[in-house]
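For reference, the chains in residue letters:
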Amino acid sequence: TVVDPAYFSTLGIRMVGEATARALAAAGQLAWVADHCAECARIQEEALAIFRELGDRSGAGFALVDLGFLAIDEKDFARARALLDEAWSIALELNDPRLTAHASHTGAALAAMEHDFAGALALDETALALSRENGDRWQVAIAAWSAGMNAAALGEFAMARDRLRECIEIGLDLGNRW
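Note that the coordinates shown come from a computational prediction; the quantities given were computed from them, not determined experimentally. (Residues numbered from 1 in each chain as written. Predicted model: local features only at pLDDT ≥ 70, side-chain atom pairs only at ≥ 80, totals over all residues. Heavy atoms only, no water.)

Engineer: Looking at this structure, how should I read the overall build of the protein?
Structural biologist: In terms of helices and strands, the protein carries nine helices and zero strands. Ordered by position from the N terminus, the helices and strands of the protein form the series α-α-α-α-α-α-α-α-α. Contacts in the protein between residues at least 24 apart in sequence constitute 55% of all its contacts with a sequence separation of at least 6. When the accessible surface of the protein is split by element, carbon and sulfur atoms take 59% of a total near 9,400 Å². (Helix = DSSP H or I, 4+ residues; strand = E, 2+ residues; numbered from the N terminus. Contact = heavy atoms within 4.5 Å. Areas by Shrake-Rupley, 256 points an atom, 1.4 Å probe, with all protein chains shown as cover.)

Here is the structure:
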């Protein structure tokens, strides 16, 4: 069961702050992983509203990307594109490589769903390079897996093998420590 953040409002408490927004964003991600998409959307929208109210552009950007991924899952590609466009705009404004990597990987997922495997591969390669630079091994594994799948769809089997091997090696090393 996902804890309903609206619980606090029933007590007459409006919790607005960076910690609340980040907790909501994390809860939204957990709801998505648990396949509670409606809860995820509601929670991420609340996190996004708080990030915007606080003027936290980075937090808003990450929430937009998460909502974009959810829109892809729901096959609402136009909404996903709009959310990702806003997130990329924020990433460029802030020169934030982590946000750019996250938006690029999510954009790759959108491109792949639309059968643009070359575009998806290019975006995943961007996400992969930025994640390597950031030292974010978990995101490297995710982007490497996705790049490998897109390379395979394009018949680029040597590249696919290299990316998938990297994903497996990191996954084995990290285990459940992500």
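Now, onward.
Engineer: Honestly, helix α5 (residues 77-94) in this entry has me stumped. Any pointers?
Structural biologist: Each full turn of the α-helix corresponds to 3.6 residues, which orients residues three or four apart in the same direction. Its 18 residues place the ends of α5 25 Å apart at the C-alpha level, agreeing with the 26 Å of an ideal helix rising 1.5 Å per residue. The set of residues buried in α5 consists of Ala-80, Leu-83, Leu-84, Ala-87, Ile-90 and Ala-91. Buried residues of α5, seen end-on, are gathered within an arc of 120° and therefore sit on one face of the element. Away from its buried face by more than 90 degrees, α5 exposes Ala-78 and Leu-92. Looking at the buried positions of α5, the neighbouring elements they touch are α4 (57-73) and α6 (97-113). Remark: Asn-95 follows α5 within two positions and exhibits a positive phi of approximately 55°. (Expected span 1.5 Å × (residues − 1). Buried < 20%, exposed > 50% of the residue type's maximum accessible area, 1.4 Å probe, protein only. Arc of directions from axis to C-beta.)

Engineer: Before we go on, may I ask you to explain the pattern of salt bridges in this structure?
Structural biologist: Note that side chains of opposite charge can pair when their charged atoms are close. Going through the model one piece at a time under the given rule, you end up with twelve salt bridges. Of the charged contacts, one joins Arg-79 and Glu-45 as a salt bridge, the two residues approaching to 2.7 Å between their closest N and O atoms. Of the two residues, Arg-79 is situated in helix α5 and Glu-45 in helix α3 (residues 37-54); the sequence distance between them amounts to 34 residues. Classification of Glu-45 as partly exposed rests on a relative accessible area of 33%. We note a salt bridge from Arg-57 to Glu-93, for which the minimum N-O separation is 2.7 Å. Taken together, the residues span a long stretch of sequence, with Arg-57 in helix α4 and Glu-93 in helix α5 at a distance of 36 residues. Under the relative-accessibility criterion, Arg-57 is labelled partly exposed at 34%. (Salt bridge = Lys/Arg side-chain N within 4 Å of Asp/Glu carboxyl O.)

Engineer: What should I look at first to understand the environment of Ala-160 in this one?
Structural biologist: You can see Ala-160 is positioned in helix α9 (residues 157-174). Distance from Ala-160 to Gly-148, taken between C-alpha atoms, is 3.9 Å for residues twelve residues apart in sequence. Apart from the residues within four sequence positions on either side, Ala-160 is in contact with Gly-148, Ala-151 and Ala-152.

Engineer: Where do I start with the packing of helix α7 (residues 117-134) against helix α8 (residues 137-153) in this structure?
Structural biologist: For any two helices packed against each other, one specifies the crossing angle of their axes together with the interaxial distance. Interaxial distance between α7 and α8 falls to 8 Å at its minimum, and their mutual angle equals 155°. On the basis of the axis angle, α7 is roughly antiparallel to α8. Judged by the twist between their axes, the crossing of α7 over α8 is left-handed. Residue-level contacts link Phe-117, Ala-120, Leu-121, Asp-124, Glu-125, Ala-127, Leu-128, Ser-131 and Arg-132 of α7 to Gln-139, Val-140, Ala-143, Ala-144, Ser-146, Ala-147, Asn-150, Ala-151 and Ala-153 of α8. Grouping the amino acids of the contact of α7 with α8 by side-chain chemistry returns eleven nonpolar, four polar and three charged. (Axes fitted to C-alpha atoms, helices over the stretch in contact; angles between N-to-C directions. Parallel < 35°, antiparallel > 145°, perpendicular 65-115°, else oblique. Left-handed = near helix turned anticlockwise from the far one by under 90°. Nonpolar A, V, L, I, M, F, W, Y, C, P; charged D, E, K, R; others polar.)

Engineer: Help me out: how do you make sense of the packing of aromatic side chains in this one?
Structural biologist: The geometry of two aromatic rings is summed up by the distance between their centres and the angle between their planes. In this structure the tally under the stated criterion is one aromatic pair. Residues Trp-32 and Phe-69 carry aromatic rings whose centres are separated by 5.4 Å and whose planes lie at 50° to one another, so their mutual orientation is tilted. With a gap of 37 residues between them, Trp-32 in helix α2 (residues 18-33) and Phe-69 in helix α4 connect regions that are remote in the sequence. (Phe/Tyr/Trp six-rings, centres within 6.5 Å; stacked < 30°, edge-to-face > 60°.)

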